[in-house]
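A closer look at the structure
Chain residues, written in single-letter form:
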Amino acid sequence: MWTAAAVAFALLVAALIGSVSVWGLPGWIPIAQATFGAAEPDLVLEFPPERQDRRTLPNGTEFFGASGTVTNVGQDTRKVPSILIVLRDGRDRIVYTWEVRPPKQALAPGESVTINEAVTDVPRSARIAEIGWKP
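All of the points below concern the structure found in this document. Given the structure is predicted, the values throughout are model-derived calculations rather than measurements. (Residues numbered from 1 in each chain as written. Predicted model: local features only at pLDDT ≥ 70, side-chain atom pairs only at ≥ 80, totals over all residues. Heavy atoms only, no water.)

With respect to the sheet that holds strand β5 (residues 83-88)
Rules: DSSP bridges decide pairing: two strands pair if at least two such bridges lie between them. A run of DSSP states H or I qualifies as a helix once it reaches four residues; a run of E qualifies as a strand once it reaches two. Both are numbered from the N-terminal end. Each axis is a line fitted through C-alpha atoms, and for a helix only the stretch in contact is used; angles between axes span 0 to 180 degrees, taken between their N-to-C directions.
A sheet is described by the order of its strands in space; here 3 strands give the open sequence β6-β5-β9, paired in antiparallel fashion. Two strands close off the open sheet at either side, each with one partner strand: β6 (94-100) and β9 (128-133). Taking the axes of each pair of neighbouring strands and ignoring which way they run, one obtains an average angle of 20° across the sheet.

See the structure below:
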C-alpha cells in the first residue's frame with residue numbers, strides 16, 4: 001500500500017513539474033518571476049530613453065511610442081525573437097505589456113533592423129518603460 005502511495009505521489013509531482021515548465025508558475029504564487037527572457041547571443045537590443053514617447057493625445061487617449069534597433073554583432077546569422085515592452089506604475093507594478101514581432105526574422109552578421117512601435121490607451125498610471133526579449 002505504501003508503494004502504491006509513493007508511486008501516485010511521484011506521478012503527481014511529475015505532472016506538476018511538467019505543467020509548470022510548460023505554463024509557468026501561477027500568478028498567485030509569491031515568488032519573483034523573470035519578466036524578460038535570457039539575453040540573446042550576439043544580438044544587441046537598443047531602445048534609448050530619448051526615443052521613447054509618452055503623451056496624452058488631444059482626444060484624451062494615452063499614447064506610448066518606442067523606437068530602437070536590434071543589431072547582430074556576431075559572426076553567424078541569428079534568429080530575432082519577439083520583444084516585450086512592459087510599462088510599470090510608480091510602485092513598480094506591471095500595468096501594461098505587449099509583444100513586438102521584429103520586421104525581420106533573422107539578421108546576418110553586422111546587420112541591424114529598426115523597430116518603431118506605438119500603442120494607445122495605455123494606463124495613465126504607467127510611468128516606467130522596460131524593453132527586453134520575450135521569454
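Here we look at the pattern of salt bridges
Worth spelling out the cut-off: Salt bridges are identified by distance alone: a Lys or Arg side-chain nitrogen within 4 Å of an Asp or Glu carboxyl oxygen. Whether a residue is buried, partly exposed or exposed follows from its accessible area with a 1.4 Å probe, protein chains only, as a fraction of its type maximum: under 20%, in between, or over 50%, in that order.
Under the definition given, this model contains 10 salt bridges. Salt-bridge contacts for R93 lead to D89; the nearest nitrogen and oxygen are separated by 2.8 Å. The exposure class of D89 is buried, given its relative accessible area of 5%. The residue K134 makes a salt bridge to E99 at a minimum N-O spacing of 3.4 Å. A residue pair is termed long-range when its members are at least 10 positions apart, and K134 in the segment after β9 and E99 in strand β6 qualify at 35 residues. Residue K134 is classed as partly exposed on the basis of its relative accessible area, which comes to 37%.

Description of a nonpolar patch on the surface
Let me state the cut-off plainly: Without a salt bridge and with relative accessible area above 30%, a residue can belong to a patch; like charges are then joined within 9 Å and nonpolar side chains (Val, Leu, Ile, Met, Phe, Trp, Tyr) within 5 Å. The method behind every accessible area is Shrake-Rupley, applied with a 1.4 Å probe, and residues are considered shielded solely by the protein chains displayed.
A contiguous nonpolar patch, built from F9, L12 and V13 and spanning about 310 Å² of accessible area, is present on the exposed surface. Relative to the helices and strands, L12 resides in helix α1 (residues 2-23).

Here's the deal with the packing of aromatic side chains
By convention here, two paired aromatic rings are described through the distance between centres and the angle between planes. What counts, and what does not: Think of it this way: a Phe, Tyr or Trp ring, Trp meaning its six-membered ring, pairs with another when their centres are within 6.5 Å, and the plane angle makes it stacked under 30 degrees, edge-to-face over 60, tilted otherwise.
As enumerated under the stated definition, the model contains 2 aromatic pairs in all. On the numbers, 5.8 Å between centres and 75° between planes, the contact of F64 with W98 is edge-to-face. Of this pair, F64 sits in strand β3 (residues 62-72) while W98 sits in strand β6; the two residues are 34 residues apart in sequence, bridging distant segments of the chain. Taken together through their ring pairs, the aromatic side chains of F64, Y96 and W98 make up a single cluster.

Overview of unusual backbone geometry
Generally, phi is negative for residues other than glycine and the peptide bonds are trans, each holding for most cases. Of note in this structure, D42 is not a glycine but carries a positive phi near 70°. By the element assignment, D42 lies in the loop between α1 and β1 (43-46). One non-glycine residue, D121, lies in the positive phi region at around 60°. Assignment of secondary structure puts D121 in the loop between β8 (112-120) and β9.

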